[in-house]
Amino acid sequence: MSDGSAGRNGIALTERQRIAWLRLIRSDNVGPATFRDLINHFGSAETALEMLPELSRRGGSTRAIRVATIAEAEKELSAAHRFGARFIGIGEQDYPPALRQIDGAPPLLAVKGNAATGTLPSLGIVGSRNASISGTKFAAMIARDVGRAGYSIISGLARGIDTAAHRASLETGTIAALAGGLDQPYPPENIGLLDEITRGNGLAISEMPFGWEPRARDFPRRNRLIAGVSLGLAVVEAAARSGSLITARYAADFGRLVFAVPGSPLDPRCQGTNGLKDGATVTTEAQDILQALAPLSRIDLFTPPQAEEPGEHEGGPMAPPPDANDRMRITNALGPTPVEIDDIIRHTGLAASAVYLVLLELDLAGRLHRHPGGLVSLSIGD
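What counts and how
- Residues numbered from 1 in each chain as written.
- Predicted model: local features only at pLDDT ≥ 70, side-chain atom pairs only at ≥ 80, totals over all residues.
- Heavy atoms only, no water.
- Helix = DSSP H or I, 4+ residues; strand = E, 2+ residues; numbered from the N terminus.
- Rg over C-alpha atoms; globule rule 2.2 N^0.38 Å.
- Buried < 20%, exposed > 50% of the residue type's maximum accessible area, 1.4 Å probe, protein only.
- Contact = heavy atoms within 4.5 Å.
- Areas by Shrake-Rupley, 256 points an atom, 1.4 Å probe, with all protein chains shown as cover.
- Pairing = 2+ DSSP bridges.
- Axes fitted to C-alpha atoms, helices over the stretch in contact; angles between N-to-C directions.
- Arc of directions from axis to C-beta.
- Salt bridge = Lys/Arg side-chain N within 4 Å of Asp/Glu carboxyl O.
- Parallel < 35°, antiparallel > 145°, perpendicular 65-115°, else oblique.
- Left-handed = near helix turned anticlockwise from the far one by under 90°.
- Phe/Tyr/Trp six-rings, centres within 6.5 Å; stacked < 30°, edge-to-face > 60°.
- Right-handed = clockwise from strand over helix to strand, strands pointing away.

## Observations concerning the overall build of the chain
Now for step 1: A tally of helices and strands in the chain yields 14 helices and 12 strands.
Now for step 2: Taking 21 Å as the expected radius of gyration for a compact globule of 382 residues, we find that the chain reaches 22 Å, a close match to that expectation.
Now for step 3: Oriented by its inertia axes, the alpha-carbon framework of the chain measures out at about 65 × 45 × 35 Å.
Now for step 4: Expressed as a percentage of the 382 residues in the chain, the buried residues total 53%.
Now for step 5: Across the chain, contacts joining residues at least 24 apart in sequence account for 70% of those joining residues at least 6 apart.
Now for step 6: Counting every atom, the chain has about 17500 Å² of accessible surface; 51% of that belongs to carbon and sulfur.

Written as structure tokens, this is what we have:
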């Protein structure tokens with residue numbers, strides 16, 4: 001970066017870059033993966049913002065893409081400042097190191113509280129909202145013992161198991177991942193708990209805009225944050241169809257360790273947890289978790305920051321965009337079935353840069369669907 005610093009402590013965004021990053025991630029059809037590809041291709045968020053309308057048009061969009069304005073970004077930054085929060089970029093020092101490694105990591109996180117807690121090795125604890133007394137006691141015991149061993153505890157601020165985990169780790173460091181904006185916590189009954197977290201040794205994080213009220217479809221994104229920040233995930237009392245199992249699937253996809261706390265086969269709150277047989281470690285005490293996490297808890301296992309903008313004089317001129325024939329070959333190689341991008345490159349025989357650019361165009365036009373594992377397909381109707 002031209003005005004940042006690099007090294008062991010990561011990079012630092014300038015205020016101008018932070019505004020541009022916020023504008024880019026808040027623009028239409030720009031998710032974390034698209035953001036990363038835009039930065040990698042154009043070198044900076046400012047250049048990517050300039051190119052969004054043209055890319056969307058080339059991808060076949062029939063309407064103008066909405067590009068977030070400087071005024072909108074400055075308004076959100078001001079709202080964060082008034083709330084006592086700030087935005088951390090993916091390559092910056094205080095960004096959670098493990099989260100940085102997942103596919104589609106949020107380029108910007110809104111945070112409030114002790115940011116250093118987010119850089120500790122972390123254990124996720126999730127489970128039933130309608131938890132039993134024994135379930136909440138066990139979750140609290142794990143959170144307390146693992147926290148005292150130097151780990152932060154991350155959960156979703158929900159009732160039941162989440163609440164027990166947060167309360168037991170208030171002193172050692174706990175992280176609340178929110179489904180809405182930091183100023184829209186859910187459930188309302190835990191607003192006081194969130195205040196205790198952010199005023200003490202804990203941290204609240206969200207990738208959603210300020211003022212965003214959480215909807216049902218936002219909670220899986222919140223669960224993805226829990227799995228991404230943590231090195232391992234303990235599941236306590238999860239029903240057969242529950243959000244905790246979604247978090248466990250994310251954890252497994254991210255290569256995290258999953259710890260299943262067994263419960264009574266007669267208790268429906270334990271059916272999902274008891275079913276985590278493949279790839280999960282049966283856990284009956286905190287020591288089970290600590291022994292498994294010990295080899296993974298060294299921060300130097302994490303790779304350097306991603307999505308760093310190049311310096312002012314770095315990089316050469318961009319290659320010209322693909323012509324109409326190349327675009328057609330790439331689009332024709334796609335269909336409703338997810339495929340790997342490397343397979344598209346091999347199938348078309350075109351340069352990787354050309355394939356990635358056309359995929360960006362289709363994405364910004366709303367015609368591309370991204371799947372876990374980096375797979376892509378044409379959206380239904382194309």
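From this point on, the discussion continues.
## Some remarks on the sheet that holds strand β4 (residues 152–155)
Whenever strands of a sheet pair, they do so through backbone hydrogen bonds, lying parallel or antiparallel.
Now for step 1: In space, the nine strands of this open sheet follow the order β1-β2-β6-β5-β4-β3-β7-β8-β9, with mixed pairing throughout. Edge positions in the open sheet fall to β1 (86–89) and β9 (280–282), since each of these has one partner strand only. Here the average twist between neighbouring strands, direction ignored, is 30°.
Now for step 2: One ladder, built from four bridges, connects strand β2 (residues 108–113) with strand β6 (residues 203–206); its direction is antiparallel. Across the sheet, the residue bridging to G113 is L203, located in β6.

## Some thoughts on helix α11 (residues 286–293)
Now for step 1: Within α11 the residues assigned to the buried category are A286, I289, L290 and L293. One side of α11 carries all its buried residues, which in axial view fall inside an arc of 95°.
Now for step 2: Those residues of α11 hidden inside the fold are in contact with β3 (122–127), α5 (133–148), β7 (232–236) and β8 (257–261).

## Here we look at the pattern of salt bridges
Now for step 1: Evaluated as defined, the whole model comprises 22 salt bridges.
Now for step 2: With a shortest N-O distance of 2.8 Å, R26 and E76 are connected by a salt bridge. Here R26, found in the loop between α1 (15–25) and α2 (32–42), pairs with E76, found in helix α4 (residues 70–82); they are 50 residues apart in sequence, far enough to count as distant. The pair formed by R26 and E76 is uniform in burial state, with each residue classed as buried.
Now for step 3: The shortest N-O distance in the salt bridge between E361 and R58 comes to 2.7 Å. On the criterion of sequence distance, the pair formed by E361 in helix α14 (residues 352–364) and R58 in helix α3 (residues 45–58) is long-range, its members being 303 residues apart.

## Thoughts on the packing of helix α8 (residues 219–229) against helix α9 (residues 243–253)
Now for step 1: Where α8 contacts α9, the two axes come as close as 8 Å, and the packing angle between them is 45°. In terms of orientation, α8 and α9 fall into the oblique class. The interaxial crossing formed by α8 with α9 has right-handed handedness. Every residue of α9 that contacts α8 at P220, N223, R224, I226 and A227 is listed here: G243, I246, T247, Y250 and A251.

## Here we look at the pairing of β6
Now for step 1: Going residue by residue along β6, you find L203 and I205 tucked away on one face and A204 and S206 tucked away on the opposite face as well.
Now for step 2: Here three bridges tie strand β5 (residues 174–177) to β6, and the two strands are oriented parallel to one another. Across the sheet, the residue bridging to A177 is I205, located in β6.

## Details of the packing of aromatic side chains
Now for step 1: Taken as a whole, this structure holds five aromatic pairs when the rule is applied.
Now for step 2: Between F87 and F210 the ring centres are 6.1 Å apart and the planes differ by 65°, which places this aromatic pair in the edge-to-face class. Of this pair, F87 sits in strand β1 while F210 sits in the loop between β6 and α8; the two residues are 123 residues apart in sequence, bridging distant segments of the chain.
Now for step 3: Of the residues examined, F87 reaches a relative accessible area of 5% and is grouped as buried.
Now for step 4: For F210, a relative accessible area of 14% corresponds to the buried category.
Now for step 5: What links up through ring pairs into an aromatic cluster is the set F83, F87 and F210.

## Describing the sheet that holds strand β10 (residues 339–340)
Now for step 1: An order of β10-β12-β11 is seen for the three strands of this open sheet, with the pairing classed as antiparallel. The open sheet terminates on both sides in strands that have one partner only, identified here as β10 and β11 (368–371).
Now for step 2: Here four bridges tie β11 to strand β12 (residues 375–378), and the two strands are oriented antiparallel to one another. For R370, the partnering residue across the bridge sits in β12 and is V376.

## Here we look at the pairing of β5
Now for step 1: Where burial is concerned, the two faces of β5 agree: the one with T174 and A176 and the one with I175 and A177 are both buried.
Now for step 2: Both β4 and β5 contribute to a ladder of three bridges, which runs parallel. What sits directly across from I154, in β5, is I175.
Now for step 3: Crossover handedness for the path β4 to helix α6 (residues 161–168) to β5: right-handed.
Now for step 4: The handedness of the β5 to β6 crossover, carried by helix α7 (residues 191–199), is right-handed.

All we've got here are geometric facts, nothing functional implied.
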